[in-house]
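# Fold and geometry: a report
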Amino acid sequence: MDLTTLAVFIPACFALNMAPGPNNLLSISNASRYGFVRACSGGIGRLLAFALMIALAAVGLTAVLHTSELLFLGIKFVGAAYLFYLAVQLWRAQPEAGAETAVTSMSVTRLARQEFLVAIGNPKAILLFTAFLPQFVDRASTVTQQFAVLGGLFLALECIAIGLYCYMGIYARRLFARPSGKRLFNRLCAGLLASAASFLLVARRS
């Protein structure tokens, strides 16, 4: 691919990776509760969902979302409902439990499933790949190969974003070390996830 194109794509892409969306908020919360390594490992679920979206965008299947209002609404409501469910669970979490108990109470597989469901349940994220990635594709060359390169770069930058947000979660855990502080932080994250769900509900196709 043209180096000029990549020089524009990489910073623009990283800005999208770092946007404080539902998955990044979830990484902060999970890192504060279960540790840096476990939260980062759970990010594999998000990467899998995004890889699937990129593949769908590459073959043009996401065009269905642009024309099917019912499908868009269905994905949106399911995604928002799951975010509300996570927000309620986080709001009701008991911060008094010891750190070791918290770490062992959620497996990496469950965290990855959480990340996957949050990502795949956001139709705006799916449409992002059909609106953003094609802007950097030269249709005179092999489109599929370019999608693979751009998608790979997106996922690599997403890994960096996951690490940075998980580090924020570790810092927040130290900042809110007391049980009352942990409860406040959990409820703040719950409120942000609920807000993200609300924004998802009012989102429209672009």
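Rules used throughout
- In this numbering scheme, every chain counts its residues from 1 along its sequence in written order.
- In keeping with the model being predicted, local features are shown solely for residues with a pLDDT of at least 70 and side-chain atom pairs are shown and tallied solely at 80 or more, while totals for entire chains, interfaces and linings include all residues.
- Each side-chain value is worked out from all heavy atoms of the structure, with water and hydrogens disregarded.
- UniProt positions are given in the numbering used here, feature names are shortened, and annotations may be inferred rather than shown by experiment.
- Take the buried residues of types Ala, Val, Leu, Ile, Met, Phe, Trp, Tyr and Cys, join any two whose side-chain atoms come within 4.5 Å, and each joined set is a nonpolar core.
- Type-normalised accessible area, obtained with a 1.4 Å probe on protein chains alone, sets the label of each residue: buried when under 20%, exposed when over 50%, and partly exposed for intermediate values.
- Runs of E in the DSSP output that reach at least two residues are strands. Runs of H or I that reach at least four are helices, and both are numbered from the N terminus.
- What a helix should span is 1.5 Å times the count of its residues minus one.

An unreviewed UniProt entry lists the protein under the name LysE family translocator, with Pseudomonas rhizophila as the source organism. Word for word, the UniProt comment on the protein under Subcellular location (unreviewed entry) is "Cell membrane".

### Considering the nonpolar core
By size, the foremost hydrophobic cluster in this structure holds 27 residues, and its most contacted members are Phe9, Phe50, Phe129, Leu133, Leu150 and Phe154. Mapped onto this core, the elements with two or more residues apiece are α1 (3–17), α4 (44–59), α9 (123–132) and α10 (143–175). Of the residues forming this core, the biggest block, 8 residues, is contributed by α10. Judged by nonpolar contacts, the second largest core, of 17 residues, contains Leu25, Ile28, Ala172 and Ala197.

### So, α1
Look at α1: 21 Å from first C-alpha to last across 15 residues, which is about the 21 Å you get at 1.5 Å a residue. Taken together, the buried positions of α1 are Leu6, Phe9, Cys13 and Asn17.

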